[in-house]
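# Structural overview for review
Each chain, letter by letter, is given below.
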Amino acid sequence: MKKLLLFSVVGLLVLVLSACSSDNTPEGVTTKAIQCIIDKDYQGYIDLMFFRKEQTDHDKQQLAALVQDKMDKEMEKKQGIKDFHVGKADIVEDKAVVPYQVTFGNGEIKEDKMQLLKTEDETWMIDSGK
């Protein structure tokens, strides 16, 4: 009986900790998106995007190839991403704007904002605008 109780308490603790460290926040999704660019995981980046019009897997693969082409050229020119910082999201209902700063290998610093939407299933995703 004591083992069952201990197992239940440990299981509950794991669930609580995993919920607290969830990446399903605007800041978490922004961090994942930037990390996808660093890792050259362009399909992973596209998978973080919300499209208003249904996209086929083929459409998403083509978009990932376009992103790869553009980002590879930019990362080569700027010597990759050396560091980045994601700021606090400004959330209004189901929309969020997340400021971020990227420091490139050549020393250039870029500040920008990522637009996100919360979907019907409560998942934060990058707003593709499409």
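Shown above is the structure to which this text applies.
Residues numbered from 1 in each chain as written. Predicted model: local features only at pLDDT ≥ 70, side-chain atom pairs only at ≥ 80, totals over all residues. Heavy atoms only, no water.

### Digging into helix α2 (residues 26-39)
How we decide: Secondary structure follows DSSP: runs of H or I at least 4 residues long count as helices, runs of E at least 2 residues long count as strands, and numbering of each begins at the N terminus. Expected helix span is given by 1.5 Å per residue-to-residue step, counting one fewer step than there are residues. Burial classes follow relative accessibility: with a 1.4 Å probe on protein chains only, a residue under 20% of its type's maximum area counts as buried, one over 50% as exposed, and anything between as partly exposed.
Between its first and last C-alpha atoms α2 spans 20 Å; for 14 residues at 1.5 Å apiece the expected length is 20 Å, and the two agree. For α2, every residue scored as buried is listed here: Pro 26, Gly 28, Val 29, Thr 30, Ala 33, Ile 34, Cys 36 and Ile 37.

### Structural notes on unusual backbone geometry
One non-glycine residue with positive phi stands out, namely Gln 79, at about 65°. Within the secondary structure, Gln 79 is located in the loop between α4 (57-78) and β2 (81-86). The exposure class of Gln 79 is exposed, given its relative accessible area of 55%. Unlike most non-glycine residues, Glu 93 shows phi in positive territory, near 55°. Summarising the element assignment, Glu 93 is placed in the loop between β3 (90-92) and β4 (95-104). According to the relative accessible area criterion, Glu 93 is exposed, its value standing at 74%.

### Considerations on α4
As a reminder, the rule being used: Throughout, the arc means the angular range of directions from the helix axis out to the C-beta atoms. Whether two residues are in contact is decided by their heavy atoms: any pair within 4.5 Å suffices.
Look at α4: 31 Å from first C-alpha to last across 22 residues, which is about the 32 Å you get at 1.5 Å a residue. Taken together, the buried positions of α4 are Ala 64, Val 67, Met 71, Glu 74, Met 75 and Lys 78. Relative to the axis of α4, the buried residues are bounded by an arc of 105° and lie together on one face. Turned more than 90 degrees from where α4 packs its buried face, Leu 66, Lys 70, Lys 73, Glu 76 and Lys 77 sit exposed. Taken together, the buried residues of α4 touch α2, α3 (42-47), β2 and β4. Directly after α4, the chain includes Gln 79, whose backbone phi takes a positive value near 65°.

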